[in-house]
Amino acid sequence: MSGGSVEFEPRDGMYRLIVDGKPLEGEPGQPLRFETAAEAERVRYSREQLFGGRR
């Protein structure tokens, strides 16, 4: 498992963190949204450090 990838969503101008092909959610059905790519990358990096290669 990787930390995911960062994708820009043009409909709302926000960035999403995509993990295992799905947007990472804060609440069920509510994807986490980030104002900047840098914010999303920080979360992606943190997840990668926490979860490393574990599934």
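Just above sits the structure.
Described below are features of the structure shown in this document. Note that the structure is predicted; figures quoted are calculated from it, not measured.

Some words on helix α1 (residues 37–51)
Right, so step 1: Under the 1.5 Å per step criterion, the end-to-end length of α1 is 21 Å for 15 residues, consistent within 8% with the ideal 21 Å.
Right, so step 2: Residues of α1 that are buried include every one of Ala40, Arg44 and Arg47, and no others. For α1, the arc enclosing every buried residue in end-on projection is 65°, short of the 170-degree limit, so these residues lie on one face. Facing away from the buried side of α1 by over 90 degrees, the exposed positions are Arg42, Gln49 and Leu50.
Right, so step 3: Taken together, the buried residues of α1 touch β1 (5–9) and β2 (14–19).
Right, so step 4: One or two steps after α1, the chain reaches glycine 52, where phi turns positive at roughly 40°.

Some details on the pattern of salt bridges
Right, so step 1: Counted by the stated rule, this structure contains five salt bridges.
Right, so step 2: Of the charged contacts, one joins glutamate 41 and arginine 44 as a salt bridge, the two residues approaching to 2.8 Å between their closest N and O atoms. Residue glutamate 41 and its partner arginine 44 are located together in helix α1, separated by three residues, close to a single helical turn.
Right, so step 3: Taking relative accessible area as the criterion, glutamate 41 reaches 35% and is therefore assigned partly exposed.
Right, so step 4: On the accessibility criterion, arginine 44 (18% relative accessible area) is buried.
Right, so step 5: Residue glutamate 48 pairs with arginine 44 through a salt bridge whose shortest N-O separation is 3.3 Å. Separated by four residues within a single helix, glutamate 48 and arginine 44 lie in helix α1, roughly one turn from each other.
Right, so step 6: With a relative accessible area of 29%, glutamate 48 lands in the partly exposed category.
Right, so step 7: One salt-bridge network, held together by shared partners, links Asp12, Arg16 and Arg33.

Details of the side chain of arginine 16
Right, so step 1: Relative to the assigned elements, arginine 16 resides in strand β2.
Right, so step 2: Owing to a relative accessible area of 14%, arginine 16 belongs among the buried residues under this scheme.
Right, so step 3: Only 2.8 Å separates the side chain of arginine 16 from the side chain of aspartate 12, close enough to count as a polar contact.
Right, so step 4: Setting aside anything within four residues of it in sequence, one finds arginine 16 in contact with Ser5, Val6, Glu7, Glu9, Pro31, Leu32 and Arg33.

Cut-offs used in this document
Residues numbered from 1 in each chain as written. Predicted model: local features only at pLDDT ≥ 70, side-chain atom pairs only at ≥ 80, totals over all residues. Heavy atoms only, no water. Helix = DSSP H or I, 4+ residues; strand = E, 2+ residues; numbered from the N terminus. Expected span 1.5 Å × (residues − 1). Buried < 20%, exposed > 50% of the residue type's maximum accessible area, 1.4 Å probe, protein only. Arc of directions from axis to C-beta. Contact = heavy atoms within 4.5 Å. Salt bridge = Lys/Arg side-chain N within 4 Å of Asp/Glu carboxyl O. Polar contact = N/O pair within 3.5 Å; in protein donor to acceptor, adjacent residues only side chain to side chain.

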